[in-house]
Amino acid sequence: MTSTPQRITLTRPDDWHIHLRDGEQLKDTVRDASRYIGRAIIMPNLVPPATCTETALAYRERIMAAGPSAQFEPLMVLYLTDNTTPEEIRKAKASGKIVAAKLYPAGATTNSASGVTDVENIYPVLEAMQEVGMLLLVHGEVTDSSIDIFDREKVFIETKLKKVVSDFPELKVVLEHITTRDAVEFVRSASTNVAATITAHHLLYNRNHMLAGGIRPHYYCLPILKRNTHQQALIEAATSGSAKFFMGTDSAPHLKDKKEASCGCAGAYTAHASLELYAEAFEQADAMDKLEGFASHFGPDFYGLERNSDTITLVREPWQVPESYPLADDKVIPICAGETLNWQVKD
Ligand SMILES: NC(=O)N[C@@H](CC(=O)O)C(=O)O
Ligand SMILES: [Zn+2]
Ligand SMILES: [Zn+2]
């Protein structure tokens, strides 16, 4: 990586966790997501979810039909349910286009109602995944209503994930969008088969940004923003140079009125400025030299894929984020709407 204060050239980054949605929204989400990103792990929580090889591959076709930039490659993910079979895992793996399967504890997040009700129900499936080398991606929160929402990630790790990781030591596991010091410590102390993605918004914000001085629904996502000591642990992990932590934006668009509502949806839209937002966080931490590993190297290394061979350039040229972006025939409010970001990508 060559670096001057005003200009940084880095290996083309990949996004290891993104929601592109479906239907009319695809033309907008795909355009934003594919501007300079190479590969992207496409989340399968559609309505209905992409639970089998055919539906995942058909979804991939719809993404490609939406006209992404030439360098963009969607990597597909199977949505696990109580009824997923080991045969389906083998079929998905054989397709060559499905690289992972996603564990949504039923009811944990947006469109997770068909998720897994008890991880023991999918043990034969995890066995097959371990055998064929398919990654397990995890939304790591318990759904028990008696557990405080701010503790759900920590409790999931303690009561569910530790057991899975010890029962399937060869299974590669990504704990997605981590939000706590507990998750950082768990991932650090686990084997090299366990890694985590971290979003830009969890690096930039804590729960005060969402709740102090007024309630700001566009900061509401799951797992929910935590206190600033957790944010600090995430910043330390992302900028540590550890290959266990890499970029996954979790860009998750919802129409403006679905967020600004009496019961608003969880999810933050960041695909308009994914690397630019990370650059902001890394610059604040005085760690711009660590951005390339996090954004462009550690993800493909963990997935067992080649790093991208081309580069992009970030330039320190402040710009104002639009107040909204089009989404189908409506709009989405992005993170940092109307605010100034310091970095932009010049492809
Ligand atoms: N992160 C979120 O708050 N929402 C995501 C689902 C998810 O990734 O948990 C969504 O699909 O909207
Ligand atoms: Zn999630
Ligand atoms: Zn997500």
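Reference entry: report on the structure contained in this document. (Residues numbered from 1 in each chain as written. Chains lettered and ligands numbered in written order. Predicted model: local features only at pLDDT ≥ 70, side-chain atom pairs only at ≥ 80, totals over all residues. Heavy atoms only, no water.)

## As for the packing of aromatic side chains
Right, on to step 1. Within this structure, the stated rule accounts for nine aromatic pairs.
Right, on to step 2. A connected cluster of aromatic rings, assembled from ring pairs, spans Trp16, Phe246, Phe302 and Tyr303.
Right, on to step 3. A cation sits over an aromatic face here: lysine 172 above phenylalanine 302, 5.0 Å from the ring centre.
Right, on to step 4. Across from the ring centre of phenylalanine 150, 4.6 Å away, lies the NZ or CZ of arginine 207, which sits over that ring. (Phe/Tyr/Trp six-rings, centres within 6.5 Å; stacked < 30°, edge-to-face > 60°. Lys NZ or Arg CZ within 6 Å of the ring centre and 35° of its normal.)

## Notes on the side chain of histidine 177
Right, on to step 1. Among the secondary structure elements, histidine 177 is positioned in the loop between strand 8 (173–175) and helix 6 (181–189).
Right, on to step 2. Those residues in contact with histidine 177 that sit more than four places away from it in its chain are His17, His139, Glu153, Thr197, Thr199, Leu222, Pro223 and Asp250. (Helix = DSSP H or I, 4+ residues; strand = E, 2+ residues; numbered from the N terminus. Contact = heavy atoms within 4.5 Å.)

## Re the packing of helix 2 (residues 53–65) against helix 3 (residues 86–95)
Right, on to step 1. At a closest axis distance of 9 Å, the pairing of helix 2 and helix 3 adopts a crossing angle of 30°. By the angle between their directions, the pair helix 2 and helix 3 is classed as roughly parallel. Between helix 2 and helix 3, the contacting residues are Thr53, Glu54 and Leu57 on the first element and Glu88, Lys91, Ala92 and Ser95 on the second.
Right, on to step 2. Along the lines of polarity and charge, the residues of the contact of helix 2 with helix 3 split into two nonpolar, two polar and three charged. (Axes fitted to C-alpha atoms, helices over the stretch in contact; angles between N-to-C directions. Parallel < 35°, antiparallel > 145°, perpendicular 65-115°, else oblique. Nonpolar A, V, L, I, M, F, W, Y, C, P; charged D, E, K, R; others polar.)

## Comments concerning the nonpolar core
Right, on to step 1. Counting 99 residues, the largest nonpolar core has Leu20, Leu80, Leu126, Met129, Leu136, Leu275 and Leu291 as the members making the most contacts within it.
Right, on to step 2. Take this core: its biggest share by element is six residues, from helix 11 (residues 274–284).
Right, on to step 3. Grouped together as the second largest cluster of nonpolar side chains are 17 residues, Ile41, Met43, Tyr104 and Phe298 included. (Core = buried A, V, L, I, M, F, W, Y, C linked by side-chain atoms within 4.5 Å. Buried < 20%, exposed > 50% of the residue type's maximum accessible area, 1.4 Å probe, protein only.)

## Some remarks on the pairing of strand 5 (residues 73–79)
Right, on to step 1. Burial of strand 5 is extensive: six of the seven residues sit out of reach of the surface.
Right, on to step 2. Both strand 4 (residues 39–42) and strand 5 contribute to a ladder of three bridges, which runs parallel. Note that in strand 5 the partner of arginine 39 across the bridge is glutamate 73.
Right, on to step 3. The pairing of strand 5 with strand 6 (residues 98–103) spans four bridges and is classified as parallel. Paired with tyrosine 79 across the strands is lysine 102, a residue of strand 6.
Right, on to step 4. In this view, the connection linking strand 5 to its parallel neighbour strand 6 by way of helix 3 has right-handed handedness. (Pairing = 2+ DSSP bridges. Right-handed = clockwise from strand over helix to strand, strands pointing away.)

On their own, these measurements won't tell you what the molecule is for.
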